[in-house]
Amino acid sequence: MKKILVIHGPNLNLLGQREPGIYGRVTLDAINRELTKVAKKRKVSLVIKQSNHEGKIVDLIGRAKKGFSAILINPAAYTHTSVAIRDAIAASGVLTVEVHLSNIYSREEFRHKSLISPVVKGTILGFGAKSYILGLESIMDLIDAK
Ligand code: DQA
């Protein structure tokens with residue numbers, strides 16, 4: 001069975017309570033349940049991690065080559081700051097898709113730059129929790145097409 005690593009970055013554990021006007025009322029658990037359901041239908045298994053720590057995310061990506069067909073990541077605030085996460089993705093060579101709940105380009109200027117986008121296959125943003133589902137489906141389509 002193909003395995004996909006899902007990584008949620010900092011503060012995404014607070015979804016549901018955190019700035020609901022921007023991120024909605026959906027919790028991380030609900031997103032994870034939905035992702036798992038969608039993956040199961042296509043006989044894909046998910047390993048889902050959330051971390052508030054840059055180094056932990058770097059380590060997860062570094063180990064992903066062994067055992068994972070792809071990575072689905074919402075790097076959250078690290079999107080805009082982390083050369084380390086960007087380099088880890090580039091070094092891993094693992095098919096990676098970036099997702100964001102919000103449209104980072106319609107928000108504060110400091111969110112307009114993603115250090116991650118240039119090293120991923122594609123980015124899906126602005127569709128709330130659905131960004132994750134669209135990201136996962138795109139990854140599974142790419143894996144099937146290989
Ligand atoms: C986010 C957008 C980031 O700018 C922000 O720091 C987040 C969440 C999103 O999913 O919309 O924490 O990645």
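1. Some thoughts on the pattern of salt bridges
Should the charged atoms of two oppositely charged side chains come close, the side chains can pair.
Alright, step 1. This model, assessed by the stated rule, comprises 5 salt bridges.
Alright, step 2. For Asp141, the salt bridge identified is with Arg42, shortest N-O distance 2.7 Å. Here the residue Asp141 occupies a position in helix 5 (residues 130-145), and Arg42 occupies one in the loop between helix 2 (28-41) and strand 2 (44-50), the gap between them amounting to 99 residues.
Alright, step 3. When its relative accessible area of 31% is taken as the criterion, Arg42 is described as partly exposed.

2. A few points about the packing of aromatic side chains
Alright, step 1. Taken as a whole, this structure holds 0 aromatic pairs when the rule is applied.
Alright, step 2. Geometry around Phe68 places Lys3 over its ring, the cationic atom sitting 5.0 Å from the centre.

3. Points about the side chain of Asn32
Alright, step 1. Tracing the backbone shows Asn32 in helix 2.
Alright, step 2. According to the relative accessible area criterion, Asn32 is buried, its value standing at 14%.
Alright, step 3. Looking at Asn32, its side chain comes within polar contact range of the side chain of His8, at 2.8 Å.
Alright, step 4. Aside from chain neighbours lying at most four places away, what touches Asn32 is His8 and Ile48.

4. A closer look at the site of the ligand
Alright, step 1. Surveying the vicinity of the ligand reveals the residues Arg18, Tyr23, Asn74, Ala76, Ala77, His80, His100, Leu101, Ser102, Ile104, Arg107 and Arg111.
Alright, step 2. A distance of 2.8 Å separates an oxygen atom of the ligand from a polar atom in the side chain of His100.
Alright, step 3. Within the backbone of Leu101, a nitrogen or oxygen atom sits 2.8 Å from an oxygen atom of the ligand.
Alright, step 4. Protein contacts shield 99% of the accessible area of the ligand, which totals 320 Å² for the unbound molecule.
Alright, step 5. A class-by-class count of the residues in the shell around the ligand yields 5 nonpolar, 4 polar and 3 charged.

Calculation criteria
Residues numbered from 1 in each chain as written. Predicted model: local features only at pLDDT ≥ 70, side-chain atom pairs only at ≥ 80, totals over all residues. Heavy atoms only, no water. Salt bridge = Lys/Arg side-chain N within 4 Å of Asp/Glu carboxyl O. Helix = DSSP H or I, 4+ residues; strand = E, 2+ residues; numbered from the N terminus. Buried < 20%, exposed > 50% of the residue type's maximum accessible area, 1.4 Å probe, protein only. Phe/Tyr/Trp six-rings, centres within 6.5 Å; stacked < 30°, edge-to-face > 60°. Lys NZ or Arg CZ within 6 Å of the ring centre and 35° of its normal. Polar contact = N/O pair within 3.5 Å; in protein donor to acceptor, adjacent residues only side chain to side chain. Contact = heavy atoms within 4.5 Å. Near = heavy atom within 4 Å. Areas by Shrake-Rupley, 256 points an atom, 1.4 Å probe, with all protein chains shown as cover. Nonpolar A, V, L, I, M, F, W, Y, C, P; charged D, E, K, R; others polar.

Purely spatial values, then, with no claim about function.
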